[in-house]
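Here's the letter readout for the chains.
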Amino acid sequence: MIPLHREIAACTICAPYLPLGPRPVAQFSPTARLLIIGQAPGIKVHQSGVPWDDASGQRLCEWTGLTPQILHDPARVAIVPMGFCYPGKGKSGDLPPRPECAPIWHPRVLAQLPRNRLTLLVGTHAQKYYLPEAKKHPMVEIVRDFRRFGPETFPLPHPSWRSTIFMRKNPWFEAEVLPELRKRVKEHL
């Protein structure tokens, strides 16, 4: 484990706000040319300690064309959520990621990754943090206009069960977005 991994694993900054306590989940290495920035681990990921080790991760693999083995290979794929720990349950799903993680850890982690990488911004929390336009437009518009963010940034909806509703309402996602996503992922791996 490299020093930054150890620091993250030992982080307790949010401990008073985490119902199950801290268990930071992230993976990265200096060779990872695909970066996935999602929301925060769900309860299943909190329990396993493996990022995207749930139904959302299965759907993310389907969307990207990755196998679970490649998704979980830190030499190829960095997974750096907006919040590293499970935030707890809210009224209609999990609570949003804790706001402390990204400003503290992201600059240090991203500095260790290759510059020539593809960044997937999965969900509104990641998009609003990294894309100023996302604060002014609905997520559906940000995802539809994915090309305007250049070849190295790719916004996606969160692949939770709710994404089936999103895909039904927006058939262009499967027809136009997913083929380009798979192409870019393949190019970077």
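Bear in mind that the values here come from a model prediction, so they are computed numbers and not experimental data.

Draft legend 1. Quick look at the nonpolar core. Membership of the largest hydrophobic core comes to 25 residues, with the highest contact counts inside it found for Ile36, Leu71, Leu120, Leu156 and Phe173. Breaking this core down by element, the ones donating at least two residues are β1 (34-37), α3 (55-64), β2 (77-79), β5 (118-122), β6 (153-156), α8 (163-169) and α9 (172-188). Looking at this core, the element that brings in the most residues is α9, giving six residues. Every residue in contact with Leu156, bar those within four places of it in the chain, is listed here: Leu60, Leu120, Leu121, Val122, Gly123, Gln127, Val143, Phe173, Val177 and Leu181. Judged by nonpolar contacts, the second largest core, of 23 residues, contains Val80, Phe84, Cys101 and Ile142.

Draft legend 2. Region of interest: the layout of surface pockets. Here the largest pocket defines a volume of roughly 1000 Å³. As for the largest pocket, its lining consists of 42 residues, and the residues nearest its centre are Gln39, Ser56, Asp94, His158 and Ser160. With four residues, α8 is the largest single contributor of residues to the lining of the largest pocket.

Draft legend 3. Summary view of the environment of Pro24. In this structure, Pro24 sits in the loop between α1 (3-9) and β1. Measuring from C-alpha to C-alpha, the distance between Pro24 and Ser92 comes to 23 Å, with 68 residues separating the pair along the chain. Sequence-distant contacts of Pro24, that is, excluding residues within four places in its chain, are made with Ile8, Ala9, Cys11, Phe84 and Cys85.

Parameters at a glance
- Residues numbered from 1 in each chain as written.
- Predicted model: local features only at pLDDT ≥ 70, side-chain atom pairs only at ≥ 80, totals over all residues.
- Heavy atoms only, no water.
- Core = buried A, V, L, I, M, F, W, Y, C linked by side-chain atoms within 4.5 Å.
- Buried < 20%, exposed > 50% of the residue type's maximum accessible area, 1.4 Å probe, protein only.
- Helix = DSSP H or I, 4+ residues; strand = E, 2+ residues; numbered from the N terminus.
- Contact = heavy atoms within 4.5 Å.
- 1 Å grid on protein atoms, 1.4 Å probe; cavity = no way out; pocket = protein on both sides within 12 Å on 5 of 7 lines; lining within 4 Å.
- Points joined across faces, edges and corners; volume = space filled by probe spheres on them.

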